Amino acid sequence: MDDLTDPTRVFRKLARNNALVNWRLHQACARLRPGELEAARTSFFPSILKTLNHIIVVDWFYVDALEGGALGPKAWEDEEPFLDLPALAEAQAAVDRRLLDFCDRLTAGDLARIVAVHRDDRVQHDRCDDILSHLFQHQTHHRGQVHAMLAGTSVKPPQLDEFIVGDDAEARQEAMAAFGWTEAELMR
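Note that this is a predicted model, so its numbers are computed, not measured. (Residues numbered from 1 in each chain as written. Predicted model: local features only at pLDDT ≥ 70, side-chain atom pairs only at ≥ 80, totals over all residues. Heavy atoms only, no water.)

**Student:** Would you explain the overall build of the protein in this entry?
**Tutor:** From N to C terminus, the protein includes 6 helices and 2 strands. Ordered by position from the N terminus, the helices and strands of the protein form the series α-α-α-β-β-α-α-α. A globule of 188 residues ought to have a C-alpha radius of gyration of about 16 Å, and the protein, at 17 Å, matches this closely. Based on the C-alpha atoms only, the size of the protein along its principal axes is roughly 50 × 45 × 25 Å. Here the protein holds 188 residues, and the buried ones make up 46% of them. Taking the intrachain contacts of the protein between residues at least 6 apart in sequence as the baseline, contacts between residues at least 24 apart amount to 69%. Within the structure as shown, the protein displays about 9400 Å² of accessible surface, and the carbon and sulfur contribution to it stands at 53%. Between the averaged position of the 21 positive side-chain charges in the protein and that of its 31 negative side-chain charges there is a distance of 1 Å. (Helix = DSSP H or I, 4+ residues; strand = E, 2+ residues; numbered from the N terminus. Rg over C-alpha atoms; globule rule 2.2 N^0.38 Å. Buried < 20%, exposed > 50% of the residue type's maximum accessible area, 1.4 Å probe, protein only. Contact = heavy atoms within 4.5 Å. Areas by Shrake-Rupley, 256 points an atom, 1.4 Å probe, with all protein chains shown as cover. Lys, Arg positive; Asp, Glu negative; His and termini not counted. Charge placed at Lys NZ, Arg CZ, Asp CG, Glu CD.)

See below:
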């Protein structure tokens, strides 16, 4: 199967996009003035830090399920496991790497595989490609909220949509260098 017909390619690209966007967003948050990360803001979660914590907790939940685990609701027993950005960013990078590795191993047949998602009182069963699509949508949704909240801080919100198409190569050079990735790897 070549890249023209490989249905897993989109998930490999989205996993790379996810890692690069999280990195860029955390880089911006690291430049916030003292108190801005935790400051009350208007959004679904009332601060940048709370929103970033929600993103990682949900990532743990779904990545574990995709890997065949049964972590389930234990993922959010502590809804705010990180009170400082460096530890959160390190943990986010680790779960991003797990998701990237998972997507790199995907085969076309894996996409229809049923994933067991352990909930409080039941086990949800959905296709792997649907769980991945849901997870990437969730991440995009909440990172957008962080992006909007950053607009009310001393730090300009970073560009977050330069990681999919080839024409954006120049704009993503710094992020790609931070990961040691080449354009060829991103585009495969």
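Anyway, onward from the coordinates.
**Student:** How should I be thinking about the nonpolar core in this particular structure?
**Tutor:** One recurring pattern in soluble globular proteins: nonpolar side chains tend to sit buried together. In terms of nonpolar packing, the biggest core is built from 51 residues, with Cys29, Ile48, Leu52, Leu66, Cys103 and Leu132 touching the most fellow members. The element best represented in this core is helix H2 (residues 48-66), accounting for 12 residues. Setting aside chain neighbours within four positions, we find Leu66 in contact with Leu99, Phe102, Arg113, Val115, Cys128, Ile131, Leu132 and Leu135. (Core = buried A, V, L, I, M, F, W, Y, C linked by side-chain atoms within 4.5 Å.)

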